[in-house]
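# Coordinate analysis (summary)
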Amino acid sequence: MRHALVTGGAGFIGSHVAEVLLEHGHQVLVLDDLSGGLVDNVPLRADFEHCSVIEPLDHLFQSYRPNVVYHLAAYAAEGLSHHIPVFNFMNNTVATANVLAAAYRAGAEHFVFTSSIAAYGHPRGNQAFDEATVCVPCDPYGAAKLGCEHYIKSFKTYFGTPAYTIFRPHNVFGPRQNISDPYRNVVGIFMSAIVRQQPMPVFGDGSQTRSFSYITPVARCIAEAPLTTAARNAVFNVGGDVPMSVGELARHVADVMGVQAQIRYLPPRKEVQHAHCLHERARAAFPHVYAESVDIITGLKKMADYIKLRP
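This structure is a prediction, so every number in the text was calculated from the model and none was measured.

Rules and cut-offs
- Residues numbered from 1 in each chain as written.
- Predicted model: local features only at pLDDT ≥ 70, side-chain atom pairs only at ≥ 80, totals over all residues.
- Heavy atoms only, no water.
- Helix = DSSP H or I, 4+ residues; strand = E, 2+ residues; numbered from the N terminus.
- Rg over C-alpha atoms; globule rule 2.2 N^0.38 Å.
- Buried < 20%, exposed > 50% of the residue type's maximum accessible area, 1.4 Å probe, protein only.
- Contact = heavy atoms within 4.5 Å.
- Axes fitted to C-alpha atoms, helices over the stretch in contact; angles between N-to-C directions.
- Parallel < 35°, antiparallel > 145°, perpendicular 65-115°, else oblique.
- Left-handed = near helix turned anticlockwise from the far one by under 90°.
- Nonpolar A, V, L, I, M, F, W, Y, C, P; charged D, E, K, R; others polar.
- Pairing = 2+ DSSP bridges.
- Polar contact = N/O pair within 3.5 Å; in protein donor to acceptor, adjacent residues only side chain to side chain.
- Salt bridge = Lys/Arg side-chain N within 4 Å of Asp/Glu carboxyl O.

## Re the overall build of the protein
Scanning the protein from N- to C-terminus turns up ten helices and 14 strands. Rg of the C-alpha trace for the protein: 19 Å, near the compact-globule value of 19 Å for 311 residues, within the 12% margin. The C-alpha extent of the protein, read off along each of the three principal axes, is 55 × 40 × 40 Å. Counting across all 311 residues of the protein, residues that qualify as buried make up 55%. Contacts in the protein between residues at least 24 apart in sequence constitute 77% of all its contacts with a sequence separation of at least 6.

## Focus: the packing of helix α3 (residues 85-105) against helix α4 (residues 140-159)
Their axes nearest at 9 Å, the elements α3 and α4 cross at an angle of 20 degrees. Classified by the angle between their axes, α3 and α4 sit roughly parallel to one another. Judged by the sense of rotation from one axis to the other, the crossing of α3 with α4 is right-handed. Residues N88, F89, N92, T93, T96, A97, L100 and Y104 of α3 lie in contact with α4, whose contacting residues are P140, Y141, A143, A144, K145, C148, Y151, I152, F155 and F159. Each residue belonging to the contact of α3 with α4 can be placed in one class, and the counts come to 13 nonpolar, four polar and one charged.

## Remarks on the sheet that holds strand β1 (residues 3-7)
The strand order β3-β2-β1-β4-β5-β6-β11 describes an open sheet built from seven strands, whose pairing is parallel. The sheet terminates laterally at β3 (47-50) and β11 (234-238), the two strands that pair on one side only. Taken pair by pair, the neighbouring strands of this sheet meet at an average axis angle of 15 degrees, ignoring direction. The sheet contact formed by β1 and strand β4 (residues 68-71) spans four bridges and is parallel. From the neighbouring strand, A4 faces β4, where its bridge partner is V68. Contacts from helix α6 (residues 215-224) reach β4, β5 (110-114), β6 (163-169) and β11, with the element oriented near 170 degrees to β6.

## Observations regarding the environment of T93
On the secondary structure map, T93 appears in helix α3. Note: C-alpha distance between T93 and A77 (16 residues apart in sequence) is 14 Å. Not counting chain neighbours up to four residues away, the residues in contact with T93 comprise N88, A144 and C148. For T93, the side chain forms a polar contact with the main-chain oxygen of A144, separated by 3.5 Å.

## Considering the pattern of salt bridges
This structure, assessed with the given rule, holds nine salt bridges. E23 is paired through a salt bridge with R220; the nearest N and O atoms lie 3.1 Å apart. With a gap of 197 residues between them, E23 in helix α1 (residues 12-23) and R220 in helix α6 connect regions that are remote in the sequence. A salt bridge links R105 to D58; its shortest N-O distance comes to 3.1 Å. Taken as a pair, R105 in helix α3 and D58 in helix α2 (residues 58-64) lie far apart in primary sequence, 47 residues in all. Salt bridges here are not isolated pairs; linked through shared partners, they connect R210, R269 and E271.

## Section: the environment of A10
You can see A10 is positioned in the loop between β1 and α1. Excluding its chain neighbours within four sequence positions, the residues that come into contact with A10 are V30, D32, L34, G37, L38, N41 and V42.

See the structure below:
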């Protein structure tokens, strides 16, 4: 049994990671300020502390002494980040430095960080991103996440510890996602609109494409990283492979929610038009996880069933 500390563990991805850790027999402490998560998301067998990751953390880390720290707490609103630059950097870059320092001082052996596909910026041509792609973020959120990556690597180089694993997930969806946030998570935004009996908002003509990722394999890769030799001091894209346009996604969401698709087209916004990742490195490191991947329609049905019970 290991002691694992999960920041953002009352949120969407973090709560699923905490759940996987408990399934594997680890003891789990969740830290969350509940700005975007819910206490109900925290697994029952996990310990919970209500606090912000930009507050002093040494007292918690020293008393708990985690072997592994999973840092998922963040405010992941990519498009909004231009308008809240200080908040964005405080809750991403500064927070990561704070959590990593506390983890180091408490003797943590491994630090797992969730970055983002936003670190890459605009694709070169129509090529999908792999981990060797040069990162040129095009918004403050992506810049903050990339800055965190560099800091974690330089920290390991200087101090020699903790080992790290960095994941770049993209367009993750599933049960427990916060559908009340109007600025992030397009699947949640669409389902929220349907629950409120409003048309789904689509920027531009809906032709922009993404590869949407169901939560289960993403959470399992993140949770298992410290015990996976190939994941030590490595960076991984993690998520789905199948491209889908936002317009097509809206129609699928309406279908699984049992309604006719109603779309409100909004003026185009400045965003990456087509963003997709390659996952060969993750498939090689976590073959058993990728063998159990959930297709997008099945995943949307699972999320829709969850939302219908908890509108």
